[in-house]
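# Secondary and tertiary structure notes
What follows is the residue order along each chain.
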Amino acid sequence: MNVFDEFFTGINYWGSKDAIHMWENFDAASTENDFILLKKAGITHLRIFILWPYFQPLRAIFSPSGVFEYRLGEEPLPDTEAGRAGVNEKACEDFSTFCSLAEKYGLKLIVGLITGHMSFRNYVPEAFYNLNCVTDPSVLKWEIKFVKYFVRRFKDEKAIMAWDLGNEPNCLFSEWTEDQLYLWCSAIADAIKTVDSTHPVISGFATLTSVKGIHITLNTGDFCDINTVHPYQIFQTQTEPINSMKPVLDVAFLNKLSESLAGILTFPQEFGAIGYMNCSMKTEADFYRCVLFTALAHNCHGVMYWCAFDQGHLSYPPYDFNDIGSNYGFFTKDGMSKPIVEENLKFKELLEKLPGKNLPEQKTDAVVLIPKIHSDNDIETVRSAFLLANRANVDVSFAHMPEQPIPDSKLYIIPSVDSNQNITKYRLDELLEKVEQGAVLYVSLGRGFMRNISQIAGVEFAYREQISWDTCFSLAGEQLPISTDIKYTMESCSSEVLAYDEGGTPVFFRNSYGKGFIYLLTIPVERYCSFRPGVFHRENEPKYENIYKEIARKADIKHRVDSSSPFILLTEHEINEKETYVMAINYSYRKEKTTITLNGDFEVQTVWGNEIKNGILELKENDGALFILKEKV
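Residues numbered from 1 in each chain as written. Predicted model: local features only at pLDDT ≥ 70, side-chain atom pairs only at ≥ 80, totals over all residues. Heavy atoms only, no water.

## Let's talk about the sheet that holds strand β17 (residues 440-445)
The 7 strands lie next to each other as β15-β14-β16-β17-β22-β21-β20, forming an open sheet whose pairing is mixed. Bordering the open sheet on either side are β15 (396-400) and β20 (496-500), each of which pairs with just one other strand. When strand polarity is set aside, the average angle formed by the axes of neighbouring strands in this sheet is 20°. Direction of pairing for β17 relative to strand β22 (residues 516-521): parallel, over a ladder of 5 bridges. Looking across to β22, one finds that L441 is bridged to I518. Packing against the sheet, helix α13 (residues 425-436) makes contact with β14 (366-370), β16 (411-417), β17, β21 (506-513) and β22, and its axis sits at approximately 120° to β22. Packing of helix α16 (residues 546-554) onto the sheet brings it into contact with β16, β17, β20, β21 and β22, and relative to β21 it is tilted by some 10°. (Pairing = 2+ DSSP bridges. Helix = DSSP H or I, 4+ residues; strand = E, 2+ residues; numbered from the N terminus. Axes fitted to C-alpha atoms, helices over the stretch in contact; angles between N-to-C directions. Contact = heavy atoms within 4.5 Å.)

So, in structure tokens, the structure goes:
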């Protein structure tokens, strides 16, 4: 169910006046002023939050044997539909006014239903204090009652575009299993769909990259129509400057990873700079500009920034104890716009130049295979594989072993094997069959084991040892220093050796396998790049992407255009057989230039940004340019 045909720019909204207290202090005039500002800033979609304890303010009345009944304060529940659901009628009346104002200004609403978590504070009706809000059956019963009543009452509001299960449901309680969260999500989603079959259901998930999170993401399509990620640099890639390659591309990486695993449309529902200790207002605007180009180029469907207005002046929890819950809005508390607003408006001008206000789907060349059993740190190696592939002008998707079948592809990547349960035999047989038919498989080794690797890679190991080992090898004229904690010593080798370490030990191999090839690297380059500081943003860093360029060449991955710069990266979007969009994005916080190589006879038309002059493209920091390549007749 795709409601995002056009690429959209949205925002997470709490009122400028009272933020989380906006519902209990509802001010229609203040809300309308907010909407005027947001509309002028080019915002089309708002994600809003139904604060659970205010909309369902239940109190448990106890007898000696336990809960006797639930009430609204000391008063019995009214004999009304709202009363039987434990719902605050005044809150619903104010929400109706809110929806009318959103419709007036053409703002589409994504409504987060069970908002029991917000900005590191949990909000729970008094009746459910100290109960697990994901697993307790009494709590779940009342959550379902609330959802059914609320959705039934407001499903015909024209401003409402979709229902969100709630804000980051995985944070409703700290203790849950994969199956428990699955059941909670299914119950809430089914409650929505029981009374409203028209609007899509959105997960509202944060970025679930732990072991539990990967598995619940795999099943999101069972209960939701649309999945979400919340990629924040301060939580995922905090070692890098926010306006550098790794944090910016992380928005696309996590979105594509989650979309590949869930099998349903996914979009970045929250992301942001989170205050001015992390960056300046200019840097924040640069970061946002680069994310907009990136999300468009990688088919993320849209973006929603966190958040609309600064909140650092507020003196109640969570703002008075949460030091990252502060000044990170498009606007100050007084409604003054920041540089980020101008970037949003400029980007809207680009969208107007595109038919359907979007780019065609990005070309995908390779698949990164996610292991069956993995640690929470394995996401770092998968992220590095994504980054190295992009720097090699290879666009990747993802698949999980063995929950998902091996998709057809020219190239398969299994990065830095650290698990002893990496791939099942039946999936390996499936994968090798595709290699026999002409695909290329690349495997790099870490601490883990992988069955039959000696036979399929043509390499016999004499032994391996745990060691703190700093070494270096050369590939395509580039010296690649690296360190690892496992060293492999070869006994014999029937494959082709492509690289030796500085001591003369073979480390990189290529073996024919049917019509295809298998590459083996005995050093975990992806894991190493995940913790080597600056490898993706500093100048004159070793070009580890040369490994991926080699495997892409053998897989016959050819693009119409290439960039010589490791910072200016390209994506291609086919319009028809003769025409292709090319997006060029500078992932550096410096001005960069690159040599553009056309792999064919094309006419280049500039759609947006700087022109290519004499084969050279120059872009300012975090900027982008869009071209159309037209094949000459």
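## Concerning the packing of helix α10 (residues 281-297) against helix α11 (residues 339-352)
Interaxial distance between α10 and α11 falls to 8 Å at its minimum, and their mutual angle equals 25°. It follows that α10 is roughly parallel to α11 by the angle criterion. Between α10 and α11 the crossing geometry is right-handed. Facing M281, E284, A285, Y288, R289, L292, F293 and L296 of α10, the residues of α11 in contact are P339, I340, E343, N344, F347, L350 and L351. (Parallel < 35°, antiparallel > 145°, perpendicular 65-115°, else oblique. Left-handed = near helix turned anticlockwise from the far one by under 90°.)

## Regarding the side chain of D623
Within the secondary structure layout, D623 lies in the loop between β28 (616-619) and β29 (624-631). Every residue in contact with D623, bar those within four places of it in the chain, is listed here: R289, F293, A584, I585 and N586.

## Brief notes about the pattern of salt bridges
Scanning all chains against the criterion turns up 40 salt bridges. The residue R59 makes a salt bridge to E74 at a minimum N-O spacing of 2.7 Å. Pair noted here: R59 is in strand β3 (residues 58-63) and E74 is in the loop between β4 (66-72) and β5 (75-76), with a separation of 15 residues, a long-range link. A salt bridge links R532 to E541, with the shortest nitrogen-to-oxygen separation between them at 2.9 Å. The burial state of R532 is the same as that of E541; both residues are buried. Bridged by salt links that share partners, the residues K282, D286, R289, E343, E621 and D623 form one connected network. (Salt bridge = Lys/Arg side-chain N within 4 Å of Asp/Glu carboxyl O. Buried < 20%, exposed > 50% of the residue type's maximum accessible area, 1.4 Å probe, protein only.)

## A short note on the pairing of strand β18 (residues 459-475)
Pairing analysis gives 14 bridges linking β18 to strand β19 (residues 478-493), with the strands arranged antiparallel. Across the sheet, the residue bridging to C472 is P481, located in β19. With antiparallel pairing between neighbouring strands as the criterion, β18 and β19 make up a hairpin whose turn holds 2 residues, including A476 at a positive phi of roughly 55°.

## Quick word on the pairing of strand β25 (residues 579-586)
In terms of burial, β25 is a largely internal element, 7 of the 8 residues being buried. Summarising the sheet, strand β24 (residues 568-574) and β25 pair through 7 bridges and their orientation is antiparallel. Counterpart to I568 in the pairing with β25 is N586. Linking β24 back to β25 in an antiparallel pair, the connection comprises 4 residues. Note that β25 and β29 share 7 bridges and pair antiparallel. In the strand pairing of β29, M583 is matched with L626.

## Details of the sheet that holds strand β10 (residues 201-202)
Read across the open sheet, the 6 strands follow the order β10-β9-β6-β2-β1-β13; overall the sheet is parallel. Two strands close off the open sheet at either side, each with one partner strand: β10 and β13 (302-305). Where strand β2 (residues 45-51) lies against strand β6 (residues 108-115), 6 bridges are found, and the strand directions are parallel. By the bridge assignment for β6, L46 is matched with L109. In the packing of helix α4 (residues 89-104) onto the sheet, the strands contacted are β2, β6 and β9 (160-164), and the crossing angle to β6 comes to about 155°. Packing against the sheet, helix α5 (residues 137-154) makes contact with β2, β6 and β9, and its axis sits at approximately 160° to β6.

## Concerning the packing of α4 against α5
Two quantities define a packed helix pair, namely the angle between the axes and the distance from one axis to the other. In contact at an axis separation of 12 Å, α4 and α5 are set at 35° when each is read in the N-to-C sense. Crossing hand, α4 versus α5: right-handed. Across from E89, C92, E93, F95 and S96 in α4, the residues of α5 making contact are Y149, F150, R153 and F154. Partitioning the contact of α4 with α5 into residue classes produces 5 nonpolar, 1 polar and 3 charged. (Nonpolar A, V, L, I, M, F, W, Y, C, P; charged D, E, K, R; others polar.)

## Focus on the state of the cysteines
Taken as a whole and assessed by the stated rule, the structure comprises 0 disulfides. Here C185 is not cross-linked by a disulfide; its sulfur's nearest cysteine counterpart is in C224, at 6.3 Å. According to the relative accessible area criterion, C185 is buried, its value standing at 0%. Just so you know, C279 is unpaired, no disulfide at all, and the nearest cysteine sulfur is the one on C290, 14 Å from it. On the basis of relative accessible area, C279 is assigned to the buried category, the value being 8%. (Disulfide = S-S within 2.5 Å.)

## Here we look at the layout of surface pockets
The volume enclosed by the largest pocket comes to roughly 500 Å³. For the largest pocket, the lining is made up of 26 residues, of which F120, E168, A206, Y232 and F235 are closest to its centre. Partitioning the lining of the largest pocket into residue classes produces 12 nonpolar, 10 polar and 4 charged. (1 Å grid on protein atoms, 1.4 Å probe; cavity = no way out; pocket = protein on both sides within 12 Å on 5 of 7 lines; lining within 4 Å. Points joined across faces, edges and corners; volume = space filled by probe spheres on them.)

## Remarks on a nonpolar patch on the surface
Nonpolar side chains collect at one region of the surface, where F120, F235 and F321 lie side by side and expose about 340 Å² of accessible area between them. As for its position among the elements, F321 is in the loop between β13 and α11. (Patch = residues over 30% accessible without salt bridge, like charges linked within 9 Å, V, L, I, M, F, W, Y side chains within 5 Å. Areas by Shrake-Rupley, 256 points an atom, 1.4 Å probe, with all protein chains shown as cover.)

## As for the packing of aromatic side chains
This model, assessed by the stated rule, comprises 46 aromatic pairs. Look at F150 and W163: their rings are 6.3 Å apart centre to centre, the planes differ by 80°, and that puts the pair in the edge-to-face class. Pair noted here: F150 is in helix α5 and W163 is in strand β9, with a separation of 13 residues, a long-range link. The burial state of F150 is the same as that of W163; both residues are buried. Between Y288 and Y305, the aromatic rings sit 5.3 Å apart at their centres with planes inclined by 80°, giving edge-to-face as the arrangement. (Phe/Tyr/Trp six-rings, centres within 6.5 Å; stacked < 30°, edge-to-face > 60°.)

## What to know about the nonpolar core
Counting 175 residues, the largest nonpolar core has W23, F95 and F150 as the members making the most contacts within it. Ranked by residues supplied to this core, first place goes to helix α9 (residues 245-262) with 10 residues. With 29 residues, the next largest nonpolar core counts Y412, I423, L428 and I518 among its residues. (Core = buried A, V, L, I, M, F, W, Y, C linked by side-chain atoms within 4.5 Å.)

## Quick word on helix α6 (residues 178-195)
The terminal C-alpha atoms of α6, which comprises 18 residues, lie 27 Å apart, in line with the 26 Å expected from a rise of 1.5 Å per residue. Considered for burial, the residues of α6 that qualify are L181, W184, C185, S186, A187, I188, A189, A191, I192 and V195. (Expected span 1.5 Å × (residues − 1).)

By themselves, these are just geometric observations and shouldn't be taken as functional.
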